[in-house]
Structure formats: structure tokens, C-alpha cells
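# Remarks on the overall topology
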Amino acid sequence: MKIDVENLSWGVPGKTIVHNVSLTVQPGETVGLIGPNGSGKSSLLRCIAGLRTPTAGVVRYDGADIASWPARERARKMAFVEQTADTESDLRVADVAMLGRTAHRSMWRGPDTADHEIVAAALGRLDLTALADRSWRELSGGERQRTHLARALAQRTEGLLLDEPTNHLDVRHQLDLMELASRTPQTVVVALHDLALAARYCDRLVLMHGGTVVANGPAVEVLTAPLLRDVFDVDAEIGRDSLGHLAVGYR
Ligand SMILES: Nc1ncnc2c1ncn2[C@@H]1O[C@H](COP(=O)(O)OP(=O)(O)OP(=O)(O)O)[C@@H](O)[C@H]1O
């Protein structure tokens, strides 16, 4: 699925938070959204998900303006894992993942065999099979985060929006998750704070600052010392680690 964001602005009364952002994500591409705290990444993702109504501009999925789409129709095309996604506490892990099937079922029908198979596959993909019957309230932060990712995978959408999906994960699960995001045929936009992880796994990086896009391109073009100084106010050194991956050091 292709995602187009055209001249998009969003804000609250008296404050523009996302300002005139234009961005195209090609089918199957994984785009990393980076930028300092408060630069507008989550707000932009919410607009792309259709959870915020832009004050100006348009979001298109495969060329179609989503402004008037019902939530159910959007949920069949786009899954979104928010930064602080919470869930009713008495659900089991498998029940949370099953929420991803809601948009694909009629309201009068319970989950069928295919739904259960899809959920089992999503739990397996996120290393959660052994936790399927555990209560949500017993989970660690990282297990909750993986459960929400399983819910998003179970949604079987062509697009996937992830807001800092690695922030609670241990190193192994961070790498697994980013591997998944980069290899899936889905079109992915992922907000990340870890610049090295973003550089390694994303096809392209979009750097936000003060609600606008200040750079958009391959990691080597976006992660430059002058840009990082301007945007993050850090003195960075960009190099390669012994495995050949882009590495960012800070003085
Ligand atoms: N509903 C709202 N009302 C008022 N201000 C808001 C609202 N939503 C976001 N903001 C403000 O807009 C700015 C951008 O927030 P946003 O969450 O999009 O940034 P972010 O880049 O995702 O930040 P972080 O890296 O800290 O997650 C922040 O200053 C935030 O306080």
C-alpha cells in the first residue's frame, strides 16, 4: 500500500504541532521517523492512522483520501501500535491479539478457525506463544509491547504504523522486531529514538524538528553531524562499526 501525506498540518487551538508535512511511503517500504521529543512524530503518526483530523492537507492510502473513511475500513488497511497503548486489564494475551481481528469480523460472529490461526501465527512471530493464556495485568512492559505488536500483525493490514515499538524491549527482541518491520511486505512507518537501529533497518529516514520535516532520505544523508547538531543539539560523530553498520557516537 502506498501512503501519501500532502501538505498536512495539525494542531490544537493556538498551537500548530505538525506543520505542512508532505511525505510519500512506497508500497513495502520501511520509513523511520526520527526527531527530538516533542517534534511531532506521534502526532503525525496519529494523523496518518486517521485518529486525528488534519487542520490542513490530506492523507491518502493507495491514492484514496481517508478523511471520510469509517474506522472499520481504515483498520482493515492500517494497523497502529501507539506508544502507550493500554488494554482492559482482565484480558489474556491471546484475547488482546484477537482484537486485531475485530475489523475483519461481523459484529454478530465470534472468532472462527482462521481468526485463531492468524492470532496463533502473530503470537508465534512475537515470541509470545508460551504466554498466550497469561493475563494482561501480569505482563512486563516489554511483553505488553509485544502483545500489542501481535495484535497489529493479527490485523493483517497492508500498512503498519509503529510509535517507538522498541522502547520496552530487550536487545534481542529489539532486533527481532526491527527485522520483522524491515522484512514484512507491509508498508511501515516507525518512530524511533535509536538512530543506529533506525539507520540499520529502515529504507529511508524522515527527520522531524518543530513539527516539520527537515530531512528525508537514506540514513547516510540524514544522519550527518551538522544536522544532528541543529536538530538534537548534540555533537555527534558518524562512522561504521566493525560489522559495517552506521554508528553514531556522541562527544
Ligand atoms: N492533544 C494535544 N494538546 C496539546 N499539545 C499536544 C497535544 N498532542 C501533542 N501535543 C504537543 O505537541 C508536541 C508534539 O508532540 P508529539 O507527541 O507528536 O511529539 P513526539 O515527537 O512524538 O515526541 P516524543 O519523542 O517525546 O514521543 C509536544 O510539545 C506535545 O506536548
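Structure shown above.
Residues numbered from 1 in each chain as written. Predicted model: local features only at pLDDT ≥ 70, side-chain atom pairs only at ≥ 80, totals over all residues. Heavy atoms only, no water.

### Brief notes about the side chain of Arg146
Within the secondary structure layout, Arg146 lies in helix α5 (residues 141-154). Although buried, Arg146 forms no salt bridge, and the nearest oppositely charged side chain, Asp127, lies 4.3 Å from it. Within the structure, the side chain of Arg146 is placed 3.0 Å from the backbone oxygen of Asp127, a separation counted as a polar contact. In this structure, Arg146 is in contact with Leu126, Asp127, Leu128, Leu169 and His173, ignoring residues within four places of it in sequence. (Helix = DSSP H or I, 4+ residues; strand = E, 2+ residues; numbered from the N terminus. Buried < 20%, exposed > 50% of the residue type's maximum accessible area, 1.4 Å probe, protein only. Lys, Arg positive; Asp, Glu negative; His and termini not counted. Salt bridge = Lys/Arg side-chain N within 4 Å of Asp/Glu carboxyl O. Polar contact = N/O pair within 3.5 Å; in protein donor to acceptor, adjacent residues only side chain to side chain. Contact = heavy atoms within 4.5 Å.)

### Notes on the sheet that holds strand β2 (residues 15-25)
Strand order in this open sheet of four strands is β2-β1-β4-β5, and the pairing throughout is antiparallel. Edge positions in the sheet fall to β2 and β5 (64-65), since each has one partner strand and no second. As paired strands, strand β4 (residues 56-61) and β5 are joined by two bridges and run antiparallel to one another. Bridged to Tyr61 within β5 is Ala64. (Pairing = 2+ DSSP bridges.)

### Section: the sheet that holds strand β6 (residues 78-81)
If you trace the six strands from one edge of the open sheet to the other, you get β6-β7-β8-β3-β9-β10, paired in mixed fashion. Both outer strands of the open sheet, β6 and β10 (212-217), are each paired with one neighbouring strand and no more. Across the sheet, the axes of successive neighbouring strands diverge by a mean angle of 15°, strand direction being ignored. Pairing analysis gives four bridges linking strand β3 (residues 30-34) to strand β9 (residues 204-209), with the strands arranged parallel. By the bridge assignment, Leu33 is partnered in β9 with Val206. With respect to the sheet, α5 is in contact with β6 and β7 (159-163), its orientation differing from that of β6 by roughly 175°. (Axes fitted to C-alpha atoms, helices over the stretch in contact; angles between N-to-C directions.)

Keep in mind these numbers describe shape, not what the thing actually does.
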